[in-house]
Amino acid sequence: MKDYFPHSKKPESTRNLLNQAVTILNAVGIPIAGLTPRRLEKMAMSFLAVAAVTESWQSAQGLDNGRALKSRDIIEFINQHFGENISSGSYDDIRRKDLKLLVLADLVINSGLNPEAATNNPTRGYSLDIGFKRLIRTFGHAEWTSELAAFRVNRSLLAETLARKRNIPKLPVGLPDGTSLELSPGSHNELQKQIIEEFLPRFGKGCEVLYLGDTTNKILYLNKQELERLKFFRLSHEELPDIIAYNRDLHWLYLIEAVHSNGPMSETRVLELKKAAQSCLAKLVFVTAFLTKKEFRKWVVEIAWETEVWVAETPDHLIHFDGDKYLSPY
């Protein structure tokens, strides 16, 4: 189990319980990424207070047990059982910060015993949802995994809701080493898929893909260790070519631009890459790829000499822009 509080000075038994609480909340979809250890700690303690758990999860109490704690009750419970000294005047933090996500996720019910109560009504109280209470009582036991899976069925996870995740079809792409990735849809990524699955097997036999960007996930794939070994420059996603592939036998590094709306291997772009990669141990091959000849015609006047052009609709052919070498480093 992950230790969310490695620097905590609380007793080991308390730290273990807090880690278990965060583990449970993470498992049921509470977004914890980016929260400070103190924010996580207060959320975990508030959760434990509402559940009346100080040792065993099997003792958890919920709405069906009539347990409903007001904000000041929660602070009192935390101070008593977890060695805190939180001021009773901080009661509003319970509502605004510590239990906010749990309430949004319907794991904790606000005013369960008095649903019509106003915000400042003293009869309001926080209670565990009945189904959630049944689930956490199994934590640490064999049935936890199956009960968790059943609990999550047909239930929207708050982390996904807040992230506004969309079920967008992906473009599967297989790297030469057998790695399978998924690109977000779109013409640019369709071309990148063609480069990896059609261009490299024809004109870059034995190449390993070291970098692949994506319009959604900026760095979809990165072999950082190999690029550092080659002393390749460190640039941001915006400065890198779309695909970097390495032929170990020839010691060639393919720098490939997938052009849909902009960015061919122009004289300026090639010079920029050469200057940035002047310490690179591998020899550089510059390639511009297009989906169609029609797209290629739009950019032909910008293509740099001593570079290669590949068009996906005629995958067996390569266009070489001058120089005394064909598909070779310069």
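Everything that follows concerns the structure shown earlier in this document.
The model shown is predicted, which means the values in this text are computed figures rather than measured ones.

So, the side chain of K133
Here is step 1: Mapping K133 onto the fold places it in helix α6 (residues 130-136).
Here is step 2: On the basis of relative accessible area, K133 is assigned to the buried category, the value being 5%.
Here is step 3: Once residues lying within four places of it in the same chain are set aside, the contact partners of K133 are A60, Q61, G62, D64, N65 and L128.

Observations concerning the environment of R248
Here is step 1: Positionally, R248 belongs in the loop between β7 (243-247) and β8 (252-258).
Here is step 2: For R248, a relative accessible area of 40% puts it in the partly exposed group.
Here is step 3: In the structure, R248 is positioned 40 residues away from E208 in sequence and 7.9 Å away in space, judged by C-alpha atoms.
Here is step 4: Leaving out residues up to four positions away in the same chain, R248 has contacts with E208, E226 and R229.
Here is step 5: For R248, the side chain forms a polar contact with the side chain of E226, separated by 3.2 Å.

A word on the nonpolar core
Note on soluble globular proteins: their nonpolar side chains tend to be buried together.
Here is step 1: Among the nonpolar cores identified, the biggest contains 48 residues, and I30, F47, W57, I74, F132 and I136 are the most heavily contacted of them.
Here is step 2: Looking at this core, the elements with two or more residues in it are α1 (12-27), α2 (37-51), α3 (71-82), α5 (100-104), β2 (126-128), α6 and α7 (144-152).
Here is step 3: If you tally residues by element for this core, the top one is α2, at nine residues.
Here is step 4: V173, L181, I196 and W252 belong to the second largest nonpolar core, which has 29 residues in total.

Structural notes on the pattern of salt bridges
Here is step 1: Evaluation of the coordinates by the stated rule reveals 18 salt bridges.
Here is step 2: Between K70 and D73 there is a salt bridge, and its shortest N-O distance comes to 3.7 Å.
Here is step 3: Of the residues examined, K70 reaches a relative accessible area of 36% and is grouped as partly exposed.
Here is step 4: Judged by its relative accessible area of 28%, D73 is partly exposed.
Here is step 5: Between E197 and K193 there is a salt bridge, with its nearest N and O atoms 3.2 Å apart. With E197 and K193 both in helix α9 (residues 187-203), this residue pair falls four residues apart, about one helical turn.
Here is step 6: A relative accessible area of 30% places E197 in the partly exposed class.
Here is step 7: Where salt bridges share partners, they join K10, R38, E41 and E84 into one cluster.

Points about the pairing of strand β5 (residues 207-213)
Here is step 1: Here β5 lies mainly inside the structure; six of its seven residues are buried.
Here is step 2: Pairing analysis gives five bridges linking β5 to β7, with the strands arranged antiparallel. Within β7, the position partnered with L212 by the bridge is I243.
Here is step 3: Pairing of β5 with strand β6 (residues 219-222) involves three bridges; the strand directions are antiparallel. From the neighbouring strand, G213 faces β6, where its bridge partner is I219.

Re the sheet that holds strand β10 (residues 308-311)
Backbone-to-backbone hydrogen bonds join strands into a sheet, with any given pair of strands oriented parallel or antiparallel.
Here is step 1: Strands sit in the order β6-β5-β7-β8-β9-β10-β11 across an open sheet of seven strands; the sheet is mixed. Two strands in the sheet have a free side with no partner beyond their single neighbour: β6 and β11 (318-320). Between one strand axis and the next, the sheet turns through 25° on average, direction left out of account.
Here is step 2: Lying over the sheet, α9 contacts β5, β7, β8, β9 (283-290), β10 and β11, oriented at roughly 150° with respect to β8.

Some words on the packing of α2 against α3
Here is step 1: The geometry of α2 relative to α3 is characterised by a closest axis approach of 9 Å and an angle of 105° between their N-to-C directions. Considering the angle they form, α2 stands roughly perpendicular to α3. Contact residues: M45, S46, L48, A49 and V50 in α2; I74, F77, I78 and F82 in α3.

Cut-off values and rules
- Along each chain, the written sequence defines residue order, and numbers are assigned to residues from 1.
- Per-residue local features are limited, in this predicted model, to residues with pLDDT of at least 70; the limit for side-chain atom pairs, both in listing and counting, is 80 or more; totals at the level of whole chains, interfaces and linings are taken over all residues.
- Working from all heavy atoms in the structure, the side-chain values ignore hydrogens and water.
- The helix and strand labels rest on DSSP assignments: H or I over at least four residues marks a helix, E over at least two residues marks a strand, and numbering proceeds from the N terminus.
- Accessible area is worked out with a 1.4 Å probe on protein chains only. A residue is then buried under 20% of its type maximum, exposed over 50%, and partly exposed in between.
- The contact criterion used is simple: two residues touch if any of their non-hydrogen atoms lie within 4.5 Å.
- Two N or O atoms count as a polar contact when they lie within 3.5 Å, although within protein this holds only if one can serve as hydrogen donor and the other as acceptor, and sequence-adjacent residues are included solely when both atoms are side-chain atoms.
- Grouping buried Ala, Val, Leu, Ile, Met, Phe, Trp, Tyr and Cys residues that are joined through side-chain atoms within 4.5 Å yields what is termed a nonpolar core.
- Just to be clear on terms, a salt bridge is a Lys or Arg side-chain nitrogen sitting within 4 Å of an Asp or Glu carboxyl oxygen.
- When DSSP locates at least two bridges between a pair of strands, those strands are taken to pair.
- Axes here refer to lines fitted to C-alpha atoms; in helices the fit is confined to the stretch in contact. Angles between the N-to-C directions go from 0 to 180 degrees.
- An angle below 35 degrees is treated as roughly parallel, one above 145 as roughly antiparallel, one from 65 to 115 as roughly perpendicular, and anything else as oblique.

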